[in-house]
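Below are the chains, spelled out letter by letter.
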Amino acid sequence: VQLQASGGGLVQAGGSLRLSCAASGRIFSSYVMGWFRQAPGKEREFVSAITWSGGRTAFSDSVKGRFTISRDNAKNTVYLQMNSLKPEDTAIYYCAADRYPRSGVTTTESEYDYWGHGTLVTVSS
């Protein structure tokens, strides 16, 4: 499985962006797809995730209520809609796939098996 994230860019605070993660190869219904981000000088952190089959979702507290996650199974694509963006959302955003989720929606970075290269989101104040 290869993952390609896109949709990043420069946006003013309060604006919106939609990130896409296109997966090539077969995505099994058991997969969990996640988004993580890494800000300059900080460790990578969980943002959001969704189960491929059932649409269950999870969000970090810092983005809850502002970001939504969805997937289009026919296109093998996961989306992260980011609204009300803040300067602290500035980071490289990575999508990832957990091939063997233990239960529910995976939020732990180390449990993800496949990673994309990331797309840069810059939010200006």
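Quick caveat, the model's predicted, so the values are computed rather than measured.

**Student:** Honestly, the overall build of the protein chain in this entry has me stumped. Any pointers?
**Tutor:** Per the secondary structure count, the protein chain includes zero helices and 11 strands. Listing every helix and strand of the protein chain by position from the N terminus yields β-β-β-β-β-β-β-β-β-β-β. Scaling as 2.2 N^0.38, a compact globule of 125 residues should have a C-alpha radius of gyration of about 14 Å, and the protein chain matches this with 13 Å. In terms of overall dimensions, the protein chain has a C-alpha envelope of 40 × 25 × 25 Å along the principal axes. The buried share of the protein chain, taken over its 125 residues, is 42%. For the protein chain, the share of sequence-separated contacts (at least 6 apart) that also reach a separation of at least 24 residues comes to 57%. Surface accessibility of the protein chain: about 6400 Å² in total, with carbon and sulfur atoms responsible for 45%. For the protein chain, the centre of its 13 positive side-chain charges and the centre of its 10 negative side-chain charges are spaced 6 Å apart.

**Student:** What should I look at first to understand the pairing of strand E9 (residues 91–98) in this one?
**Tutor:** Note on strand geometry: in a regular strand, side chains alternate between the two faces of the sheet. With seven of its eight residues buried, E9 lies for the most part within the structure. Relative to E9, strand E4 (residues 32–38) runs antiparallel, the two sharing seven bridges. If you follow Arg37 over to E9, its bridge partner there is Tyr93. Judged from the two bridges that link them, E9 and strand E10 (residues 114–115) form a sheet pairing that is antiparallel. Directly across from Ala97, in E10, lies its bridge partner Tyr114.

**Student:** Explain the pattern of salt bridges here, please?
**Tutor:** Charged atoms that come close allow side chains of opposite charge to pair. Taken as a whole, this structure holds six salt bridges when the rule is applied. Two residues, Arg37 and Glu45, come together in a salt bridge whose shortest N-O distance is 2.7 Å. Owing to a relative accessible area of 6%, Arg37 belongs among the buried residues under this scheme. Here Asp89 ties to Arg37 by a salt bridge, and the two come within 2.9 Å at their closest N and O atoms. Pair noted here: Asp89 is in the loop between strand E8 (77–82) and E9 and Arg37 is in strand E4, with a separation of 52 residues, a long-range link. Across the pair, exposure class does not vary: Asp89 and Arg37 are buried alike. Overlapping salt bridges bring together Arg37, Glu45, Arg66 and Asp89 as one network.

**Student:** How should unusual backbone geometry be read in this particular structure?
**Tutor:** Excluding glycine, a negative phi dihedral is what most residues carry, and trans is how most peptide bonds are arranged. Phi angles above zero are rare outside glycine, and Asn76 is one such case at about 55°. Among the secondary structure elements, Asn76 is positioned in the loop between strand E7 (67–72) and E8. Here Ser84, not a glycine, exhibits a phi torsion of approximately 50°, which is positive. Mapped onto the elements of the fold, Ser84 is located in the loop between E8 and E9.

Here is what the cut-offs are and how they apply
Residues numbered from 1 in each chain as written. Predicted model: local features only at pLDDT ≥ 70, side-chain atom pairs only at ≥ 80, totals over all residues. Heavy atoms only, no water. Helix = DSSP H or I, 4+ residues; strand = E, 2+ residues; numbered from the N terminus. Rg over C-alpha atoms; globule rule 2.2 N^0.38 Å. Buried < 20%, exposed > 50% of the residue type's maximum accessible area, 1.4 Å probe, protein only. Contact = heavy atoms within 4.5 Å. Areas by Shrake-Rupley, 256 points an atom, 1.4 Å probe, with all protein chains shown as cover. Lys, Arg positive; Asp, Glu negative; His and termini not counted. Charge placed at Lys NZ, Arg CZ, Asp CG, Glu CD. Pairing = 2+ DSSP bridges. Salt bridge = Lys/Arg side-chain N within 4 Å of Asp/Glu carboxyl O.

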